[in-house]
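Structural overview for review
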Amino acid sequence: MHHVIIGNSAAGIRAAETLRYLDPVSDISIISEEDIHAYSRCLLPDFLAGSRSEREIYFRPEDFYARNRIQTIFGSKAESIDPEQRRVLLDDGTRLSYDKLLIATGASSTLPPIPGIDSPNVFGLRHLRDARNILKACAKARRVVIIGAGFVGLEAATALYRQGLEVTVVEKMPQILPQQFDTLAADIILQDIQAEGIRFVLGRGIKEISPPSVWGRIFSNPGCGVVLEDGTRLKAEVIIIAAGTRPNVEVALSAGIKINRGIPVNDFMETNVPHIYAAGDVAETKDVVTGQTGLTPIWPNASAQGRTAAYNMVGHPKAYGGMIGLQNAVEFRDVPAIAMGISRPAGADYQVLSSYHPEKNRYKKLVLLNDRLVGMILVGDIHQAGIYGALIKNKASVSRFNDLLLRDDFSYGYLAT
Amino acid sequence: MKQIMVDVERCNGCLTCTLACSAAHSLTDTIVAAMAAKTPARIQVMPVKGKAVPLMCRHCEEPACVDACMAGAMQKDPVTGIVTNEGNEQACVGCWMCIMACPYGAVTQHPNGKTALKCDRCRGRETPACVESCPNNALRFVEVGEFAAEKAAKTAVSQLTGT
Amino acid sequence: MSSCQTCPSSDTCYSAHNSTNDMYERTTKLGIPTIFDRWEAQQPQCGFGMQGICCQLCSHGPCRITQKADRGICGATADTIVARNLVRLTSHGAAAYSHHLEELAKTLKATAQGKTPFKIGDEKKLRDIAAVVGLDATKSTADLAIALADIILSELRKGSEEPLALLDLFAPPTRKEAWEKLGVIPGGVLSEIRDALTKTMSNIDTDPIDLLLTAVRLSIATGYMGLVGTTTLQDILLGTPSLTNSEADLGVIDPATVNIVAHGHVPLVATAVLQAIQDPELNKLARQAGAEGIKVYGSMCTGQELMQRSAGSARGFAGQLSNWLSQEYYVATGAVDLVMMDMNCSIPGLKTVADHFHTKLVSVDRILRMEGVEDHVDYEPEKVAEQARQLVKMAIDTYKKRGQNIYIPEYKAKAVAGFGVETIVRALGGSLDPLLDAVKANQIRGIAAVVGCTNNRNGQDFKGLAIMREFIKHNVLVIAAGCMSSAAEIEGLTDPAAAELCGDSLKDVCKALGIPPVLNFGSCVDIGRIGVAVTEIAGALGVDPSQLPVVASAPEYLEQKAVADGIFAVSFGLLTHIGPVPPVTGSELVTKILTDDIAQLLGGKVLVQEDPVKAAEEMIAHIDAKRSSLGI
C-alpha cells in the first residue's frame, strides 16, 4: 500500500502522521514543491519580525519524517495525475504510483491584475521564500506598503514595523479585517494597531504600481510608487500584496477532478475521482453553520480535514464532522480578537446580543438564529471563544440560557449542569 | 487510561484545587510561594447559577486544540495521553487558536499574555495535584470506565429509590 | 444575581432600585469597578466558609470539616466550629453597638455639663427613665442626665456576674423568667464580650451548647444596652422622633449646592453639621465658591436617624440617599463633595470610587479608618461644634474641585418617618388601644418587623421588598428599621399612598389613620425601638412577646451587628426569618437548635427560607397560629 500526499503543510502533515499512527506498515510519501521541512505559514510573520528563526517556524520536530518513516520528495512539483494508472507525474519526469492520493496543495497569493504588479520588490506572502525575499528587499528599504488589511496583511504590517520600517496598509474596504469583523470590532483593533504607529489608508483600492525610475535602478534603490484609485501616490521600496488567496487546483484539473473554486469533497474527504482525496485550503467542505460547501482556508480546519482523510485512506470510514468555515483568532498588539461563523448577520431573522466596554477595549457580539448561536465576535477578552464555538458547531439550542450567554462567566459549566 | 473525573455535586467551590494546581506548577511546590509568584492555575472553578463547577481539560482522544495549533506546540503524547503545549521542541506563540478550538474552554491565556496555558496533568505525577488536594473528593483520577460504571450505579440507585 | 429566585429578570439586574441600576451602568461605562463587579469576581465562593465549618484560629489550621475529616486537628467537630464562629460574629456585633452606646453616654454627660452644642432633646423621657432606674426626681435636668449617663457607663463596664440593671427594669417578666431558667441573664456588656472572646479562643469553650448560650447571652446584653439603651439615650439627647415628611433616593441630590453626606450609624457629628450649615458665614463661603447653599443628606442609618428627627434636632436635613449597597453609587454621581463616615459600614471600595471623582472622604469616629483616607475629624463631644464647621469648610473647599461629569438619577420618593411608640400613641389619640383593637378585630392580621441590612447575594433589596409587599398584601403591618427602611422609602412603601398595595382591611386602617403600611422606625439601632413597642403591646395585652402575632425578618442580613440582632429577636421570643442562609448549616446540631429546639426554651426560633413569598407565607402562618392561641 502506498499513500501519496501532495502538500507538506497543515493538512498534509496531519494526514501523514495520522496515516502512520493508523497503519504502521504502508509506504507514505509526501511531495512538496518547496525543499524544506514542514514549516508553519502562519508563523511567517514571526520570521519576518525576526522573532523566530527558520527552524523555529517548523511545526514538527526535525526527525519527524524519519521517525514516522515518511518518504520525502521535496523540491519536486506534481505536474499531473493519471487516475487510470494511479500515477503522479513529477516535473522531473518521475512517475510515482499510489494506492491512495491526497491532494493538499494549499493556496497561493492572489495578485490583482493591475499595471506594475510584476515590478521588482512586489511580493506576496505565502511561502518561506517570499518572506526571505521580503527581508532581503527590506534590508535596503525604509517604506513598505501593504495592500490588503486582512489577517495576513496586518500580521505582515506589525512584523515589519517591528523591524523598524515605516508601514502603510492600504485597504479598499472602509474597514480592516472586512471578511469577518464588523466595523466596531475592526475599529477597536485598528486603534490598537495604529497606537503602534502603523498608518492606514482605508476605503481606497489601488490602481497601479509604478515601477522604479531609471535613476532608482542605477543607484539600486528600486523605490516603487503605489497609485491609489483617487490618484494619491504612496512611495515605498517594498510592496506586499495580501489581497487573498486562491486554491492550487492545477494538478487536480489534470486528473479530471471536479473543481469549483477549490476541490469539492464529500464527508469522507473524497473527490469525485476514486482513490483521490483532498484536504486543506484547496478543498471545499461543508460549513457547519451555513450548510454551504466552500473553502475554509484556516489551519484548524486543514488539520482536521487531513486527519479525517487519513482515516478514510486506510479504510476506516470516518465522516468529517464539519467545521465552522470562517473563524479566526488575531492579536496584533495588545487586543486579542476572535470571530466565528456569521459574525455580520444581514436580515431580521437574526438576533444579536452584544456588550461593549470601550474603557476596557472589550466587545462581545453573539449572533443567534432560531435560538441557536450561529456566529460571534470577541474582542479584548477571548476566553469564552471555545465554548461559543462549540455551541455554534453543535447547533445547540441556547434557549435554556439565552439571557446568560453574554455573561463574562458563561462557561461550559452551563452546558454540563 | 486514567482521567480526572469531576463529581460536580461534591464540589463546594473552596478553590483548593486551583491553589494546589498553582503550587504544583511553581518552583517550590508550596501554595504560599505559588501565590507570591502569581503562578496561575490551570483549572477553573466557575459559578453556574450559584453552584461551583470545576472545569478542566479532558485530554481528548482527538483534541481540537492539537488540530488548531499552527506552531505544532500543542501535542498529545501517544503514550500518556497528556495534551500539552509545554516541553515540546515547537514553542507556543500565543496565537490563541487553541482557545478558539477547545469546546470546553479548558485552554486559557497565560497571564504573561504570550502563551496558552492548560492542564498538563502534572506531568508524570502519580495523582494530579488538584485531585490530591480536593477535600470533598469531587475530583478523582480514575479509569474512565470505572467512573462511568459508578455513576451509572448511582443514577440507578437514585432512580430506584426515588431520591 | 445568579442564585436569585425573586424574579425572572434578576439574573441580569443588580438592584431593586432604578437609581442604583442607573448608577451601576454609569460606573461600568466609566470603568470604575464597584461592589456588583467585585461580587461577580468572587464567584464561586467557598462552600466551607458558607457552611461555617472553617476554623482559622490556631496555626494548625485552617481546618475544615469534610467527608474524610469529621474533626479539626484539635478534635473540634463541625458543631464546635460553627457555634464558636457564631459567638465570634455576635461578639463583634455586641462590641460595635456598645461603642455606639458609649459615645452617646459620654455625649449626654458632656451636654448636661454644657460642653456641647446639643441640648437635652426630650426631658420628659429623661425624667421617665430616671424614675424607672430610681434616680432622685428632684434633681435638675442636667444632674439627672449626668447621673443617667454614669449609670449607663457603669452598666457597660460592670462585671459579667452582676446582672444588667436595664434588663431587669425593662424586660417583660415572662422573658426574664425564661432567660433566668437558661442562665443567660447577662452582666456588663464589655465583660460579656471579654468572656465570649476568651471562650472562643482555641480550646477553652468547645461545647457547642454552651457556646450557643453564650451567643444568646451576648445578644440579650446587646438588646438591652446597645439597642434599647442607645435608642433611649439618642431620644433623650436628640429628641424622640416625630412624624415628618421627607424624601429618599439618589434624585434628592441637588447639583447646585455643596453636598455633604452623613454616612454610618452614629448621628452626633451629623447633627452638629446640620446646625453648622445654618451659619450665615459658612453659607457665604459656599456662595463665594459658586454654590447656591450647603446641604446635608443621609446615607444608611445615620440618615435614618436624621430623617426621623428632621422636625427637631435634624432640621434642614435634605433627604435620604440610600442604603449600604449604594454608597459607591452616590459618590459616582460626581455631585457629592464630602462623605463623613461615622462608626460602621463604610466599605473600602468607597475610596476607589471617590478617587475617580473629587469627593473627599473623612472619618469622624476615632475607630474608623480606611486605606487612603487621610482626613480624620474624630468626634469629641466637647469640640464637635468646631469640628462640624471644619467639615463644612472642607466640603466647600472640595466643592471647588468638583468636575463636570455629573449624573444624578431622576428618581426620588416621598417618605414618612418618625414612627415609634410615642408617635403611634399620639397619632392614636393617647393610647395604643385603637391599634390593639385593630389587631384583635383582624383588621391588622399581625405585625412584622422587617429589619437589618441589604445584601447583594440576591441583588440589592429584592428579597426585603418582596417580603414587605407580601406582608402588607396579606394585611400584616410592617415595621422597618435599618437598611430595610431605606429600601422601603425608595420604593414608596413608607408613603401613605402605599396603602393601595395592602389587603383590604389593612388598607382601611392605613387610610383611616393616614399612615403608610410600612412604618419607618428608623435605623438598625432602632430595632431597640421595635423591642420597646413589642414590650408595650405584650404588656398591654398581658402576655409574653412570644405569644403575640408578631414576627421578625432580616431578609438580607449582612454583618455582625445583624447577627446579634437576630439572636436577640429569637431570644425575645419571636419567629425570626433570616436570609441569606447564615454560616451555620455545616453543623446539624446548631442548625437544628436554632431552627427548631430553641423555640421550646426561648419561644422564638430562626426561619430559613430563601424564597421571599414562601418565607412570608410561613411567617403569616405563624402569625395566624399565635392569633388562634390568643383566641383572636
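Residues numbered from 1 in each chain as written. Chains lettered and ligands numbered in written order. Predicted model: local features only at pLDDT ≥ 70, side-chain atom pairs only at ≥ 80, totals over all residues. Heavy atoms only, no water.

**Things to note about the interface of chain C and chain B**
Keep this limit in mind: Here, residues are in contact when the closest pair of their heavy atoms is within 4.5 Å. By definition, the buried area sums, over both parts, the 1.4 Å-probe accessible area that each loses when the two are put together. A carboxyl oxygen of Asp or Glu within 4 Å of a side-chain nitrogen of Lys or Arg is what we treat as a salt bridge. Two N or O atoms form a polar contact when they lie within 3.5 Å of each other; inside protein one atom must be a possible hydrogen donor and the other a possible acceptor, and for residues adjacent in sequence the pair counts only when both atoms belong to side chains. In this description a helix means any DSSP run of H or I spanning at least four residues, a strand means any run of E spanning at least two, and both kinds are numbered starting from the N terminus. Gly is put with the polar residues, along with every residue not named as nonpolar or charged; the nonpolar set is Ala, Val, Leu, Ile, Met, Phe, Trp, Tyr, Cys and Pro, and the charged set is Asp, Glu, Lys and Arg.
With 13 residues of chain C at the contact, the number on the chain B side is 16 residues. For the chain C and chain B pair, buried surface summed over both sides reaches about 1,000 Å², with 55% attributable to carbon and sulfur atoms. If you sort the residues of chain C by the area they bury against chain B, C:Pro44, C:Phe48 and C:Gln67 come out on top, with a joint share of 43%. Along the contact surface separating chain C from chain B lie 0 salt bridges. Taken together, the links from chain C to chain B amount to 2 residue pairs in polar contact (both at pLDDT 80 or more). The dominant element in the side of chain C that touches chain B, judged by the number of residues it contributes, is helix H3 (residues 47-51) of chain C, at 3 residues. Tallied by class, residues from the side of chain C that touches chain B come to 3 nonpolar, 8 polar and 2 charged.

**Overview of the domain arrangement of chain B**
Residues and elements named next belong to chain B. What counts is decided by this rule: As annotated, the domain borders come from an automatic or database domain assignment.
Each domain of chain B was delimited in the assignment, giving domain 1 (1-56 + 121-158) and domain 2 (57-118). Computed over C-alpha atoms only, the centres of domain 1 and domain 2 are separated by 19 Å. Between domain 1 and domain 2 lies a buried interface of about 1,200 Å² when both sides are counted; carbon and sulfur atoms form 47% of it. For the pair domain 1 and domain 2, the interface holds 1 salt bridge. Between glutamate 86 and arginine 42 there is a salt bridge, and its shortest N-O distance comes to 2.7 Å.

**With respect to the packing of aromatic side chains**
The relative placement of two aromatic rings is captured by the distance of their centres and the angle of their planes. So the rule is basically this: Here a pair means two rings of Phe, Tyr or Trp (six-membered ring of Trp) with centres within 6.5 Å. Their orientation is stacked below 30 degrees between planes, edge-to-face above 60, and tilted elsewhere. The rule is simple: take the accessible area with a 1.4 Å probe, protein chains only, and divide by the maximum for that residue type; under 20% is buried, over 50% is exposed, in between is partly exposed. Whether a charge sits over a ring comes down to the Lys NZ or Arg CZ being within 6 Å of the ring centre and within 35 degrees of the ring normal.
Applying the stated criterion across every chain, the model contains 17 aromatic pairs over all chains. Their ring planes at 80 degrees and their centres at 5.3 Å tell us that A:Phe64 and A:Tyr65 sit as a pair that is edge-to-face. Like A:Tyr65, A:Phe64 is buried. Each member of the aromatic cluster is reached from another via a ring pair, and the members are A:Tyr388, A:Phe401, A:Phe410 and A:Tyr414. The lysine or arginine in question, B:Arg58, covers the ring of B:Tyr104, its NZ or CZ lying 4.1 Å from the ring centre.

**With respect to the side chain of C:His17**
All names here are of chain C. Looking at the secondary structure, you find histidine 17 in the segment before helix H1 (18-30). For histidine 17, a relative accessible area of 0% gives the class buried. For histidine 17, the residues in contact, after removing those within four places along its chain, are Gln460, Asp461, Leu465, Ala487, Ile490 and Glu491.

**A word on the environment of C:Ser431**
Residues and elements named next belong to chain C. For serine 431, the location among the structural elements is in the loop between helix H17 (421-427) and helix H18 (433-440). Distance in space between the C-alpha atoms of serine 431 and arginine 71 is 57 Å, their sequence separation being 360 residues. At a separation of 2.8 Å, a polar atom in the side chain of serine 431 contacts the main-chain amide nitrogen of aspartate 433.

**Overview of the sheet that holds strand S25 (residues 362-369) of chain A**
All names here are of chain A. Note the threshold: For two strands to count as paired, DSSP must find a minimum of two bridges between them. Think of each axis as a best-fit line through the C-alpha atoms, taken over the contacting stretch in the case of a helix, with angles from 0 to 180 degrees between the N-to-C directions.
One open sheet accounts for 5 strands, arranged S22-S23-S26-S25-S24; its pairing is antiparallel. Lying at the two open borders of the sheet, with one neighbouring strand each, are strand S22 (327-331) and strand S24 (350-357). The mean angle between the axes of side-by-side strands here comes to 10 degrees, regardless of whether they run parallel or antiparallel. Across 7 bridges, the pairing between S25 and strand S26 (residues 372-379) is antiparallel. Within S26, the position partnered with tyrosine 363 by the bridge is valine 379.

**Let's talk about unusual backbone geometry**
Looking along the chain, the bond that leaves C:Gly61 and enters C:Pro62 is cis, with omega of 0 degrees. Secondary-structure assignment places C:Pro62 in the loop between strand S1 (54-55) and strand S2 (63-64). C:Gly579 connects to C:Pro580 through a cis peptide bond whose omega is -10 degrees. Checked against the element boundaries, C:Pro580 lands in the loop between strand S14 (575-578) and helix H24 (588-602). Of note, the phi angle at A:Leu177 is positive, near 45 degrees, even though the residue is not glycine.

**Comments concerning the nonpolar core**
To keep it simple, the criterion reads: What is meant by a nonpolar core is a set of buried Ala, Val, Leu, Ile, Met, Phe, Trp, Tyr and Cys residues, joined one to another through side-chain atoms within 4.5 Å.
Among the nonpolar cores identified, the biggest contains 181 residues, and C:Trp179, C:Val273, C:Met340, C:Leu391 and C:Phe471 are the most heavily contacted of them. By residue number, the principal contributor to this core is helix H10 (residues 208-238) of chain C, which donates 15 residues. Dropping the residues within four chain positions of it, C:Trp179 is found in contact with C:Leu167, C:Ala171, C:Val184, C:Ile185, C:Ile220, C:Tyr224, C:Ser571, C:Phe572 and C:Leu602. Counting 156 residues, the second largest nonpolar core, distinct from the first, contains A:Val169, A:Val282, A:Val289 and B:Ala71.

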